[in-house]
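Geometric and topological summary
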Amino acid sequence: MKNPICYLSFLCFLVACSKPEFRKGVESYESTYFTRFDAPLYGVDFLLTDEESIIVAGAEAPYGLVNARPMVLSVNQGKEISWMTLLPGGRQNRFSSMKLSSTSESDYLLFNNAENPDNETERGLKFSTINEIGTITRSHTLYEDDRELQSSSMVQLTDGDYMVLSENAEGNNIENNLHLSRVSPEGDLIWSKLLENTTVSIAGPLLYFPGQEFLMGISEKSLGFPDVEVQLYKFDLEGNLIWQETIVESGPVYPNSARIVSVQDDEIMVSFSSGNDVVLIRMDTAGNVIWERKLEGERLEISVGGIQTLDGHYLLLANTSSYGNGEFDVMLTKVDRQGEIIWDKVYGGTESDAAFKVVEKANGDLLVLGNVNREITALSETNLFILETDSEGNPK
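Let us look at the structure shown here. What you see is a predicted model; the values in this text were computed from it and never measured.

What counts, and at which threshold
- Residues numbered from 1 in each chain as written.
- Predicted model: local features only at pLDDT ≥ 70, side-chain atom pairs only at ≥ 80, totals over all residues.
- Heavy atoms only, no water.
- Patch = residues over 30% accessible without salt bridge, like charges linked within 9 Å, V, L, I, M, F, W, Y side chains within 5 Å.
- Areas by Shrake-Rupley, 256 points an atom, 1.4 Å probe, with all protein chains shown as cover.
- Salt bridge = Lys/Arg side-chain N within 4 Å of Asp/Glu carboxyl O.
- Helix = DSSP H or I, 4+ residues; strand = E, 2+ residues; numbered from the N terminus.
- Core = buried A, V, L, I, M, F, W, Y, C linked by side-chain atoms within 4.5 Å.
- Buried < 20%, exposed > 50% of the residue type's maximum accessible area, 1.4 Å probe, protein only.
- Pairing = 2+ DSSP bridges.
- Axes fitted to C-alpha atoms, helices over the stretch in contact; angles between N-to-C directions.

Let us look at a nonpolar patch on the surface. On the surface, Ile81, Met84 and Leu86 cluster together into a nonpolar patch covering about 210 Å² of accessible area. As for its position among the elements, Ile81 is in strand 6 (residues 81–86).

A few words on the nonpolar core. Met216, Leu232, Ile247, Ile268, Val270 and Phe272 are the most contacted members of the largest nonpolar core, which has 20 residues in total. Looking at this core, the elements with two or more residues in it are strand 15 (202–209), strand 16 (214–222), strand 17 (228–236), strand 18 (241–251), strand 20 (267–274) and strand 21 (277–284). Judged by nonpolar contacts, the second largest core, of 17 residues, contains Phe34, Trp343, Tyr347 and Val372.

What follows concerns unusual backbone geometry. Even without being a glycine, Glu52 presents a positive backbone phi close to 65 degrees. With respect to the element layout, Glu52 can be found in the loop between strand 3 (41–48) and strand 4 (54–60).

With that settled, consider the sheet that holds strand 6. Reading across from one edge, 3-4-5-6 is the order of the four strands in this open sheet, with antiparallel pairing throughout. Two strands bound the open sheet, and with one partner strand each, they are strand 3 and strand 6. With strand direction ignored, the average angle separating the axes of adjacent strands in the sheet is 25 degrees. One ladder, built from five bridges, connects strand 5 (residues 69–75) with strand 6; its direction is antiparallel. Paired with Ser74 across the bridge in strand 6 is Trp83.

Quick look at the sheet that holds strand 15 now. Hydrogen bonding along the main chain pairs the strands of a sheet, whether they run parallel or antiparallel. Strand order in the open sheet made by the four strands is 15-16-17-18, with antiparallel pairing throughout. A strand with exactly one partner marks an edge of an open sheet, and here the two such strands are strand 15 and strand 18. Shown here is a sheet whose adjacent strand axes are inclined to one another by a mean of 15 degrees, direction ignored. Where strand 15 and strand 16 come together, six bridges link them in antiparallel fashion. The residue bridging Ala203 from the neighbouring strand is Ser219, located in strand 16.

A word on the pairing of strand 17. Among the nine residues of strand 17, eight are classified as buried, and the element is accordingly described as predominantly covered. Across nine bridges, the pairing between strand 16 and strand 17 is antiparallel. For Glu220, the partnering residue across the bridge sits in strand 17 and is Val230. Between the end of strand 16 and the start of strand 17, which pair antiparallel, lie five residues, with Gly224 showing a positive phi angle near 105 degrees. Looking at chain direction, strand 17 and strand 18 are connected through seven bridges and run antiparallel. The residue bridging Val228 from the neighbouring strand is Gly251, located in strand 18.

Right, dumping it as structure tokens:
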């Protein structure tokens, strides 16, 4: 599963690395600002509705993340759970790559990995449509023969179709190929392509540029512990590879930390964790580097993602063991267009707090969702949390 709990040996290696100078002026806040739920829930993705309800995809995990059951829930403006729908099944990585999208009919489209009930070695992508009261109105699964599809990212095109980026696994081989699929709004497969010369270990996010009608993606390839190669890709909407660029030829990149965000029509921000630090690279969509910055940590900084803010700057979301109060805490860092830090803030308690996504509301406030783990093990109890701040990162 793509989660920090599965990389304890990697964490120990990085903590033992050399320690650069701390970043200055980091403000710290206690986890008393978190809204926590009295239930063993684990979040993976969320979206904010027009009515400012929060729809969360993840798992109910009464016995930790082993045999957790996939679920979708709704949280109202009062931070109370309105409904929760459990999905069949219980394998860890069946929910680790869950993704949510809203539909034009005010429903929600969820996709995750699913096993074929008639063949446990066969897995594919499962699409479920869920209405506004949590009822599953349609469910459809795409199977890929005896190959294993590890879903990674999904984007919706202007015509309503979805593009899905996956890893195409062959047996127990960790080196897979990227797999790009086009799916109708109803979840029916239009076409599916195995992309040549794209050997990867982990496929990252996928971006869609509607004005220019192309896609960009990022991936990681293991070169032998702890070295990783980071690759950037550009595709057309027919799934043809336009170009690929190596961002990191070989380095200690933390698994599943490579992210890509659109910051302007013709620019992107790449982030990943290397050694103890988070690296930011601003590029144009032709693959040219505009600038590169390193945000240093004393121990371990895990890049989770980022967004372009309404004022045109960039907000990085990371989980840190360098700052804060516990094993891991949530960190928000806002940087300007040149990569200079505007503010750094960390949130968390004495346990291990790990965020998985941040969104900006229409008024500029920030909404962060994550999980509190009692211990960094697959059997530890987890609780979903919500953190809301103003536009400057001050908790509300």
